[in-house]
Structure formats: C-alpha cells, structure tokens
Amino acid sequence: AGTRAAFPGRRLAARRHRQLCNQSTMAPMAAPATALTLPRSPLLLSRRAAARPAAAVVVRAQPDTAASTSAPEPASEFKAPPGFKAPEPQRFGVKPGQQGSVFGASLGIPFRLGTGVFVLGYSPTFVSPAEVPSDQYALELGGWKVKESSKIGQCPRPEKPIEIYEFEGCPFCRKVREMVSVLDLDVLYYPCPQNGPTFRPKVLEMGGKKQFPYMVDPNTGVAMYESDEIIKYLADKYGDGTVPIMLSLGLLTTITAGLSTIGRLGKGSSYIASKVPPQPIEIWAYEGSPFCKLVRETLVELELPHLLHRNELNVTFLAAKCSVRRSVLYSALVSLTENGCCSCARGSPRRQEFFQKNGTFQVPYIEDPNTGVKMFESAEIIEYLKTTYSLYSSS
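Numbers given to residues run from 1 along each chain, matching the order in which its sequence is written. Since the coordinates come from a predicted model, pLDDT governs what is reported: local features require at least 70, and pairs of side-chain atoms require 80 or more to be given and counted, while whole-chain, interface and lining totals use all residues. To obtain the side-chain values, all non-hydrogen atoms of the structure were included, while hydrogens and water were left out.

Examining the overall build of the chain
Quick note on the threshold: We count a stretch as a helix when DSSP gives it H or I for four or more residues in a row; a strand needs E for two or more, and each element gets its number in order from the N terminus. Categorising residues by exposure relies on relative accessible area from a 1.4 Å probe, with only protein chains included: less than 20% of the type maximum marks a residue as buried, more than 50% marks it as exposed, and the intermediate range marks it as partly exposed. By definition, residues are in contact when any of their heavy atoms lie within 4.5 Å.
A count of helices and strands for the chain gives 12 helices and 12 strands. Within the span of the chain, comprising 395 residues, buried residues form 44% of the whole. For the chain, the share of sequence-separated contacts (at least 6 apart) that also reach a separation of at least 24 residues comes to 74%.

Notes on helix 12 (residues 378-389)
To be explicit about the condition: Expected span, for any helix, means 1.5 Å times one less than how many residues it has. This arc describes the spread of directions from the helix axis toward the C-beta atoms.
Taking 1.5 Å as the rise per residue, helix 12 with 12 residues should run 16 Å; its terminal C-alpha atoms sit 16 Å apart, in good agreement. Listed in full, the buried residues belonging to helix 12 are Ser378, Ile381, Ile382, Tyr384, Leu385, Thr388 and Tyr389. Down the axis, helix 12 shows its buried residues gathered within 165° of arc, on one side only. Taken together, the buried residues of helix 12 touch strand 8 (281-285), helix 9 (290-301), strand 11 (365-368) and strand 12 (373-375).

Considerations on the packing of aromatic side chains
Centre distance and the angle of the planes are the two values used to describe a pair of aromatic rings. Applicable threshold: Only the six-membered ring of Trp is used, alongside the rings of Phe and Tyr, when aromatic pairs are assigned; centres must lie within 6.5 Å, and planes under 30 degrees apart are stacked while those over 60 apart are edge-to-face, with the rest tilted. Any Lys NZ or Arg CZ that is within 6 Å of a ring centre and within 35 degrees of that ring's normal is treated as a charge sitting over the ring.
One pass over the structure, following the stated rule, counts 16 aromatic pairs. Residues Phe354 and Phe361 carry aromatic rings whose centres are separated by 5.2 Å and whose planes lie at 80° to one another, so their mutual orientation is edge-to-face. Across the pair, Phe361 and Phe354 agree in class, each one buried. Seen in terms of ring centroids, Tyr365 and Phe376 are 4.6 Å apart; in terms of plane orientation they differ by 45°. Their pairing is tilted. Here Tyr365, found in strand 11, pairs with Phe376, found in the loop between strand 12 and helix 12; they are 11 residues apart in sequence, far enough to count as distant. A relative accessible area of 4% means that Tyr365 is categorised as buried. Overall, Phe376 belongs to the buried group, its relative accessible area being 9%. Taken together, the ring pairs in this structure connect Tyr137, Trp284, Phe354, Phe355, Phe361, Tyr365 and Phe376 into an aromatic cluster. Taking the ring centre of Tyr225 as reference, the NZ or CZ of Lys209 above it sits at 4.9 Å. Directly above the aromatic system of Tyr189 lies the positively charged group of Arg296, at a separation of 5.3 Å from the ring centroid.

Details of the pattern of salt bridges
Rule in force here: By salt bridge we mean one thing: a side-chain nitrogen of Lys or Arg within 4 Å of a carboxyl oxygen of Asp or Glu.
Scanning the entire structure with this criterion turns up 19 salt bridges. A salt bridge links Lys95 to Glu380; the shortest N-O distance between them is 4.0 Å. Of the two residues, Lys95 is situated in the loop between helix 2 (42-54) and helix 3 (99-106) and Glu380 in helix 12; the sequence distance between them amounts to 285 residues. We classify Lys95 as buried; its relative accessible area is 17%. The residue Glu168 makes a salt bridge to Arg296 at a minimum N-O spacing of 2.6 Å. On the criterion of sequence distance, the pair formed by Glu168 in the loop between strand 4 (162-166) and helix 5 (171-183) and Arg296 in helix 9 is long-range, its members being 128 residues apart. Assigned by exposure class, Glu168 and Arg296 land together as buried.

Set out below in structure tokens:
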C-alpha cells in the first residue's frame, strides 16, 4: 500500500521534472527571437551612420600643403579683371611710380647706341605734313613729318618663324633680339627664365646643354648656340650679310649689352608660376623701346612665349613644336600658349599696317583673344598680365 501511495507522487515529480527541463532547454532558442525584435541601440546607429560617409570622403590638398607646389591645371576660361577698362593711349606718358623702371629700361639706348631701334637700311625723310596722306603713317616732329624707309623689302623672309629660346636678363640674348629687330624677322620666342619648368629642359633635350640663346630655324633645319654665330647666320640668311657695328665688336658688344641690363638687374630672369591660356596673346613691340622692355620682362617671367605676328599662322603648328609640357597640364596639349608679337622698329613696314588697323601707332600694344582685351600703355598691360595669368596674386 505504501508503494502504491508513493507511485502517483513519483509520477507527478517526474512530470514536473520534465517540464522544468523542457523550459531550460527552450530558453536559449527563444533569446535570439527576442533580440531580433529589440529596437537598434543608439550606439549602433551612431557607429553605422559614421561608417557610411567614410567611403565617400575625398581628401583635397590645402593651398599651403606640399601638393600645391605642383604645376597648376590650366584654367578652362579667362576673363578680364573685374571692372577692367582699357586705358586711352598717351604718347610718351609715364605713370606715377613708373619713372624709375622706365629710366632703368632706357639705359640700353645709350649703352647700345640705339641698336634695335632702327631696321636695316633705315632712312628718314623730312617732309611737309601736306605731303603725307591721312591714311599713311609718319612720325610727327615739330612742324614736320618724317617718312621712313628701309631695305627690309629687299631681304628674304622666312616662311616659318624662327625659334629662339632666351630670357630678358641675358646680355647674349639681348644681342640676338637686337639683330631680330634690325632684320624685322618673324621669330617665336620661348622664354627660359630661371627655374622655368617648360622650356629650359627643352633646350637641354634638343641641344645637350642649358645655354642661351638657342636658335632653331625650321626653314633650313639649322640649330645653334652662341649669340655671335646666330647673329651672323641671320644676317647672311635674312639680311644683306652685314652686321651692325654695335653687334660686331666682340667683347665690347657683350660688355655694353650687359651694362644695359644694370638698371633692371634681375628683372625678366626668374620664373613666376602662371596659368596657361588656350590662345596666343598678340603684342606689338620692338627691342629698343624701354616701355616694350618692361612688358617683355613680365612675359618672360610668366613664361609666356611670344611670336612675331603672322595672321596666317596656325596655333596648332606652334603647339606641335614643343613636346615639353608642365606635369599637370592638358593631357593632350592642342594649342600651346604662345603670344603673337609684331616687331616694329623704326622703318618697319609693319608700322603702316598697325596704323591702318588702329588709326594711330603706339607700342607696346596687346590683343588678348582669351578675354577680348585690347590695350595700350605698358604699366596697365603689366598689371593686366599679372592679374590674369599669374597663379598667385602679387603683393
């Protein structure tokens, strides 16, 4: 009887034991289901939200980092400075603060006895103003007009522009530029200022040494260093074979050419980081003018090549002539930045062309197809070039 009485109790205890075991084994399986229904914690949200944009973060170099020292990307377009207005031409006008610069640039005239001011065979004739038609250029001097002629029309002209690598502060380069002015030649100048990243390395690649000036004549295939040899070559090929006296005195020529740079010592010799326009600037100038010299200093420092103006010349031809480009420039450079430059020393036939086009004659004068700017006055031209093309604003 005792055993039968205890049996139901044992069965009840066993049943309760099984229920407890079942609860303990099911609990771990229920926990994940409960966890899936819980709202996301704020910490999890904050971490995931911070992680999402991390993949899209773009790190850009700041202006004061080392990355900014690389060559700049060419600007897609250029505009005239805000509020720009082209100045009216003022003959022999010197702007306030420019007197010292003009005086320094003028030292080349006495030291070089005017070499580069007149073209080959220059001949002036004093006539009455009534003898000169209104559409013909003539220098006004007192109550007279001076009709100018030369031998340039009798000299052969190069079909393609001669290429000269040089810089403004070099006395040897000045000698060659004077000869170019005397012969009224079409020349593509490639400025090679110190630390210039483009054309100095090109000279080393072509000629084997960094020496200036360096001339390449695409019409004959001749390439050479040495200023005296270049001068003689140009005189024989594109002149009457004669070399002006001030360019044939050997060491004395070099000394006086060096003395002519004293007033502008260091100017036109060092590179200023610049932006590259897609179309050439056209400039009318000549070597003997102090006002033109000041503008050319800026062109050289900004490493802007300048080409003796020829209306029919295609810029893409010029681009093909230079394989060197700044490291971050156009991946395929179609039109290299050149500047058209019309040499127009006294006696040049180009003075008449300029006069017919503009109704007056005064240099320097530029036309910039990148901005539409056309302007006289050296001081304003320099300010315009620096504002438009210098990478960093000058103080």
